[in-house]
Amino acid sequence: MLVVAEREQLPVPQARAGEPQAWDILFRRYQLPLYVYVFELVHDEQASLDIVQETFINAVRHLGGLRDDEKFGSWLFGIAHQKCIQRWRNRRGEETALEEFSALPAEVEDDPAEWLIRQEQEAEFMQLLNQLPLPQRSVLLLHFVEDYSLEEIASITGTRVGTVKSRLHYAKKALNKLIEENAS
């Protein structure tokens, strides 16, 4: 049985060889993070599920083209990112209206009041995050939520590292301004 202990030990070579068990491990490892990322970009549950499914279908078809097995995660997120862009271009050619984030259920702690406060704070933060332009929101999510390096984000978004740095800088600056305005 294949077991994943760390990111570097993913069974990518076995998946390339067509082993269903390896694909199951990869799917289980990336299904939720990929869904959360896509949902944050498209704000549509069904579309997010469809994009995640299409992403894995493309991954199965094109895994042979992946040169560095250790970059499987960023490669997979790159496929999903491109699928999101295709969806926006096909739908309207512009960003869709933003909706409030529906937080995934968190583990309930001993104090329900603290849990409720945290949920409200997360919802408020996500509302502020959703006010940022898509390129800035995307790099913030990939860097701080998914923990990708600047180089990996550049690969995912199809931009240069300098562009990622710039977007990250302006995103943090804009988010801080929104937080300050919201606190007043």
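Computed from a prediction, not measured in an experiment: that's the story for all the values here.

A. Representation of the confidence of the model for the chain. Here the chain averages 80 in pLDDT, and 80% of its residues register 70 or above. Here helix 5 (residues 112-129) stands out as the element of the chain with the lowest mean pLDDT, 72, in contrast to helix 3 (residues 45-62), whose mean of 92 is the highest. Note that pLDDT drops below 50 for residues 1-7; the model gives that stretch 16 contacts with residues more than four away or on any other chain. Here residues 93-109 scores under 50 on pLDDT; set against residues more than four positions off or in separate chains, the count is 34 contacts.

B. Representation of the side chain of S138. Residue placement: S138 occurs in helix 6 (residues 134-145). Relative accessible area serves as the criterion here: at 2%, S138 is assigned to the buried category. If we ignore the near neighbours within four places in the chain, the residues touching S138 are Y37, L41, H81 and T157.

C. Layout of unusual backbone geometry. One non-glycine residue with positive phi stands out, namely H43, at about 55°. Structurally, H43 can be placed in the loop between helix 2 (20-42) and helix 3.

D. Up close: the nonpolar core. Y30, V38, F72 and F77 are the most contacted members of the largest nonpolar core, which totals 47 residues. Secondary-structure elements contributing two or more residues to this core are helix 1 (12-16), helix 2, helix 3, helix 4 (72-91), helix 5, helix 6, helix 7 (150-157) and helix 8 (161-183). Here the element with the most residues in this core is helix 2; it accounts for 11 residues.

E. Up close: the environment of P135. Along the chain, the position of P135 falls in helix 6. Between the C-alpha atom of P135 and that of R167, which follows or precedes it by 32 residues, the distance is 7.0 Å.

F. Local environment of the pattern of salt bridges. Under the counting rule described, the total for this entry stands at 3 salt bridges. Across the pair R28 and D24 runs a salt bridge whose closest N-O atoms are separated by 2.9 Å. Note that R28 and D24 are positioned in helix 2 at a spacing of 4 residues, about one turn of the helix. Overall, the relative accessible area of 33% leaves D24 in the partly exposed class.

Rules of the game
- Residues numbered from 1 in each chain as written.
- Predicted model: local features only at pLDDT ≥ 70, side-chain atom pairs only at ≥ 80, totals over all residues.
- Heavy atoms only, no water.
- pLDDT = per-residue confidence, 0-100.
- Helix = DSSP H or I, 4+ residues; strand = E, 2+ residues; numbered from the N terminus.
- Contact = heavy atoms within 4.5 Å.
- Buried < 20%, exposed > 50% of the residue type's maximum accessible area, 1.4 Å probe, protein only.
- Core = buried A, V, L, I, M, F, W, Y, C linked by side-chain atoms within 4.5 Å.
- Salt bridge = Lys/Arg side-chain N within 4 Å of Asp/Glu carboxyl O.

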